[in-house]
Amino acid sequence: MGFPMLIFTLKRFLNSIFVLLAASFIVYMFAASQYDPLQKLRQQPQLQPGTIERQAHLLGLDRPLLERYWQWLSHLIRFDFHSIAFIRFNFGTDVNNTSVSTQLATRLEITMRMVLLAIVAAIIIAIIAGVISGVRRDKPIDFVVTILTFMLIALPTFFFAALLKQGAIYLNQHAGTDFKTTGDEDFGISTYGTHSEILHSQLLHLILPTISLALITTAAWIRYQRASMIDVLEADYLRLARAKGVRWPTVVRRHGLRNALIPLTTVVAIDVGALFGGAIITERVYVWHGMGEYLNIALGAQDINAVVGWVMVSAIFVVAFNLFADLLYAALDPRIRLA
Amino acid sequence: MTVQPSEMQLVVPSGEPENDTEFGTASRSQFRQAVSRFTRSWMSMTALTVFVLIVATAYIAPYIYKWKFNNPDPTALSVPPGKQGHILGTDETGFDLLARLFRGTQRDLLIILVSTSIAVFIGIIVGAVAGYFGAFADNVLMRFVDIMLTVPYLVILILACAKYPNTAGTALGIGFLFGLFGWMGLSRLVRAQFLSLKEREFVEAAHAMGASNFRIIFRHLIPNALSTILVFGTLFAATSIVAETSLTYLGYGVKPPDTSLGLLVSRGVDAVNTRSWLFYYPGLLILVIVLAVNLVGEGIRNAFDPRNNRVRD
């Protein structure tokens, strides 16, 4: 890694930090000024006078907004050299006085299984289908792929997920297959199962949600991959390689595909936010106890710390992916200016 | 004293340029060419026709159709399609599904219209100011866009809609919120276009003739960014429908007594095993509408693509 690359990395990293800080400020201010965690308490009949005030004081709701934000921010990051990332986040406590970070970590682990697997699957499908469709442009296979991708783009995430679930249930009833259609693992298996049993159960439960999320996500990526493949195939250096006698499959693989893959990194990074949203919906259809459910509970309770923590986790996820894609792009394509 | 005519006055006023019939055809504006390319593509025209037909049906058919969307039939609860005069069946309270689909389509069109016009308006203004004036305005606005894009779109919508359930509970309100939080992509695109467009000669010429910044932006630059804006607008309309169904499914979107396609299909998900028509027909309608809108957008994109330029036709 050369010196300009190092400067570029540093710049992009600082920029990400700034963006996250600003987002945290806006989200915290919005949540803290709009949400009322004591709403449930207020509705209770026969409250002792002063209960509301005491509870508000306990949660620090009676202090000025800026002071509360500072309090939240100054406790946000703690260095911990035992963890993988060397830092630990502390998003404060929720209305039930349990740690938001601990709960988010459990939830995130569940959701990430689906999201990361879906990203990998979607990238693989996008490359294969996009390249075939681009190389065989205007041939029957391209036509079929194009129609399928447009239909997938047009389908709402939960509708497709529900369709898939119905199909699996039908197969389970009539063909004797055993697709898992609800939950993220067999109920209660974490209490009695061995390590491998739990893993096995989780993997089985992953199949349908991952297929559903991956297919919905990959549709747009196939279109990009196809367009970028067509662009590359029309380039002069490809014609030159062909004119010099390189065989067509080699031209496509060595000269075409390698260059056509670069734009996809950016698209994947941009769409990660949408993918996260898709995961929330897919979780709902397959009754997973992941991030989506937690947000639902937090919003229902108007729990400030829980909501802000949740949003910040999704924001960190999106920003980290964008940073990674920027760096990857710069590394893959030496033509881009490292300014 | 004789007055010498200045050089300016010697220039013969040129009216319409003469048509060079020997070497070319009549000159056509870029927009005209795009329109002709669009109308020649059978896929784009089919998509547009389907969309127009659905819109027309949704607004005209309720006047002819026997059942009304807000008037349940108490003698026909959960009737499957084709029975008792209900073409697509009824739901558990006796509402006719077809009548509700008309109504839902109308409401979704309202959502599209409101959300797209707001998003396009804000997107153009922010992108134009950032791209044209550059420097400080550009820095501030684009940082703001970066920050807005940090949080996933669906999550921003969930936060906003959960906080304002009464606004978000109606088609008008949800369209408004969509537009308010959905303009960032367009502002980036418009800014990028303006950055290159403002260096072109015709902008310099307009400046030299004393055109104001306002006039340059609205009369010279925005028409040149038209294809970007149109493509974004159609794709955003499609996104709005899908976002509405997703939000409504999660419980943060349109709520009864108002209705929408998203609400119909979300309710259908619960009934998929017992009254499957409530699930499949609304879903199919959404699929067809969004597909048509997306294909129209794709057609506009291709029509404006300079690579499809034919020199003479």
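Residues numbered from 1 in each chain as written. Chains lettered and ligands numbered in written order. Predicted model: local features only at pLDDT ≥ 70, side-chain atom pairs only at ≥ 80, totals over all residues.

What about the overall build of chain A?
When you go through chain A residue by residue, the secondary structure sums to 14 helices and two strands. Principal-axis analysis of the C-alpha atoms gives chain A an extent of 90 × 60 × 40 Å. For chain A, buried positions account for 34% of its 339 residues. (Helix = DSSP H or I, 4+ residues; strand = E, 2+ residues; numbered from the N terminus. Buried ≥ 20, exposed ≤ 12 C-beta atoms within 10 Å, placed from the backbone.)

Side note on helix 13 (residues 261-270) of chain B
Along an α-helix, residues three or four apart share an orientation, since each turn contains 3.6 residues. In terms of burial, helix 13 of chain B is a largely internal element, nine of the 10 residues being buried. Turning to helix 13 of chain B, its buried residues number three or more, namely Leu261, Gly262, Leu263, Leu264, Val265, Ser266, Arg267, Gly268 and Val269 of chain B. Residues of helix 13 of chain B that are buried in the fold lie against helix 7 (157-174) of chain A together with helix 4 (97-133), helix 12 (226-250) and helix 14 (277-304) of chain B. (Contact = placed C-beta atoms within 7 Å.)

Examining the nonpolar core
Note that soluble globular proteins tend to have their nonpolar side chains buried in a common cluster. Within the largest apolar cluster, 150 residues are counted, with the highest numbers of intra-cluster contacts made by Val307, Val308, Trp310 and Val311 of chain A together with Leu157, Ile158 and Cys161 of chain B. Broken down by element, the residue count for this core peaks at 17 residues, all from helix 4 of chain B. Excluding anything up to four places from it in sequence, tryptophan 310 of chain A contacts Leu104, Tyr294, Leu295 and Ala298 of chain A. Counting residues in each nonpolar core, the second largest holds six residues, with Val135, Val232, Val252 and Ala260 of chain A among its members. (Core = buried A, V, L, I, M, F, W, Y, C linked by C-beta atoms within 7 Å.)

Things to note about helix 12 of chain B
All names here are of chain B. Here helix 12 is 25 residues long and its end C-alpha atoms lie 35 Å apart, about the 36 Å a rise of 1.5 Å per residue gives. In terms of burial, helix 12 is largely enclosed, as 18 of its 25 residues are buried. In the segment just after helix 12, glycine 251 is the residue with positive phi, at about 95°. (Expected span 1.5 Å × (residues − 1).)

Here's the deal with the confidence of the model for chain B
All names here are of chain B. In this model, chain B carries a mean pLDDT of 82, and residues with pLDDT of at least 70 account for 88%. When the elements of chain B are averaged for pLDDT, helix 1 (residues 7-10) gives the smallest value, 48, and helix 4 the largest, 90. Under the prediction, the complex receives an ipTM of 0.82, its pTM being 0.83. (pLDDT = per-residue confidence, 0-100.)

What about the interface of chain B and chain A?
At the interface, 26 residues of chain B touch 31 residues of chain A. Of all elements in the fold, only helix 5 (135-150), helix 6 (153-163), helix 12, helix 13 and helix 14 of chain B reach the threshold of two or more residues within the side of chain B that touches chain A. With seven residues, helix 14 of chain B is the single largest residue contributor to the side of chain B that touches chain A. Looking at the side of chain B that touches chain A residue by residue, the class counts come to 19 nonpolar, five polar and two charged. (Nonpolar A, V, L, I, M, F, W, Y, C, P; charged D, E, K, R; others polar.)

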